[in-house]
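Fold and geometry: a report
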Amino acid sequence: YVGAFDYESAVPSSQPWHGLVVVYFAATAGLVEEVVFRGLVWAYLSRTIRGRSLHFWYIALSSLLFAMVHSEQGPPGVIAAFSFGIMAAFLYLKLKNLWPLVIGHFVCDLINYW
């Protein structure tokens, strides 16, 4: 819709500002979004839900929230974010470490917005 934020319009077209802004956006998004949508969701749900359904609710809720905050990207972006969220949630459950997810998120955003 008109007035919606998009990263392309926020990134300067001339160097060195283009590169600096893209790296900044990728680094902050990677760190903040993984901490909030993977780490904090897990911390909350693991203290409130017990049993076999914990992993299901973690994957579903973290992926849905992650997709919702990417709604400015339209339906394709929401679907991509939801898919990324599912993969990232599975990886977090397996690795129990946010750093690989932060780095992966950073690389995806860096490639996408460069």
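Predicted model, so just to flag it, every value in this text is computed and none were measured.

Re the packing of aromatic side chains
Applying the stated rule across the entire model yields seven aromatic pairs. Between Tyr24 and Phe25, the aromatic rings sit 6.2 Å apart at their centres with planes inclined by 45°, giving tilted as the arrangement. A ring pair is formed by Trp42 and Tyr92, whose centres lie 6.5 Å apart and whose planes are at 70°; its orientation type is edge-to-face. Of the two residues, Trp42 is situated in helix H2 (residues 17-48) and Tyr92 in helix H4 (residues 74-95); the sequence distance between them amounts to 50 residues. Across the pair, exposure class does not vary: Trp42 and Tyr92 are buried alike. One cation-aromatic arrangement involves Arg38 over Phe66; the distance from NZ or CZ to the ring centre is 4.6 Å.

Some details on the packing of H4 against helix H5 (residues 99-113)
Interhelical geometry of H4 versus H5 gives an angle of 155° and a closest axis separation of 10 Å. Classed by the angle they form, the pair H4 and H5 counts as roughly antiparallel. Once H4 is placed against H5, the crossing between them reads as right-handed. Listed contacts from H5 to Phe84, Ala88, Leu91, Tyr92 and Leu95 of H4 are Pro100, Leu101, His105 and Cys108.

Quick look at the nonpolar core
Counting residues in each nonpolar core, the largest one holds 18 residues, and the members touching the most others are Trp42, Leu45, Tyr58 and Tyr92. If you list the elements that add at least two residues to this core, you get H2, helix H3 (53-68) and H4. At six residues, H4 tops the list of elements feeding residues into this core. Ignoring any residue separated from it by four or fewer positions in sequence, one finds Tyr92 in contact with Arg38, Trp42, Tyr58, Asn97, Leu98 and Leu101.

Quick look at the confidence of the model for the chain
When pLDDT is averaged along the chain, the result is 91; 94% of the residues meet or exceed 70. Averaged over each element, pLDDT in the chain is lowest for helix H1 (residues 7-10) (72) and highest for H3 (97).

Structural notes on the environment of Ala89
Structurally, the position occupied by Ala89 is in helix H4. It is 14 Å that separates the C-alpha atoms of Ala89 and Tyr44, two residues lying 45 residues apart in sequence. In this view, Ala89 contacts Arg38, Tyr58, Ile59 and Ser62; residues no more than four positions away in its chain are not counted.

Rules of the game
Residues numbered from 1 in each chain as written. Predicted model: local features only at pLDDT ≥ 70, side-chain atom pairs only at ≥ 80, totals over all residues. Heavy atoms only, no water. Phe/Tyr/Trp six-rings, centres within 6.5 Å; stacked < 30°, edge-to-face > 60°. Helix = DSSP H or I, 4+ residues; strand = E, 2+ residues; numbered from the N terminus. Buried < 20%, exposed > 50% of the residue type's maximum accessible area, 1.4 Å probe, protein only. Lys NZ or Arg CZ within 6 Å of the ring centre and 35° of its normal. Axes fitted to C-alpha atoms, helices over the stretch in contact; angles between N-to-C directions. Parallel < 35°, antiparallel > 145°, perpendicular 65-115°, else oblique. Left-handed = near helix turned anticlockwise from the far one by under 90°. Contact = heavy atoms within 4.5 Å. Core = buried A, V, L, I, M, F, W, Y, C linked by side-chain atoms within 4.5 Å. pLDDT = per-residue confidence, 0-100.

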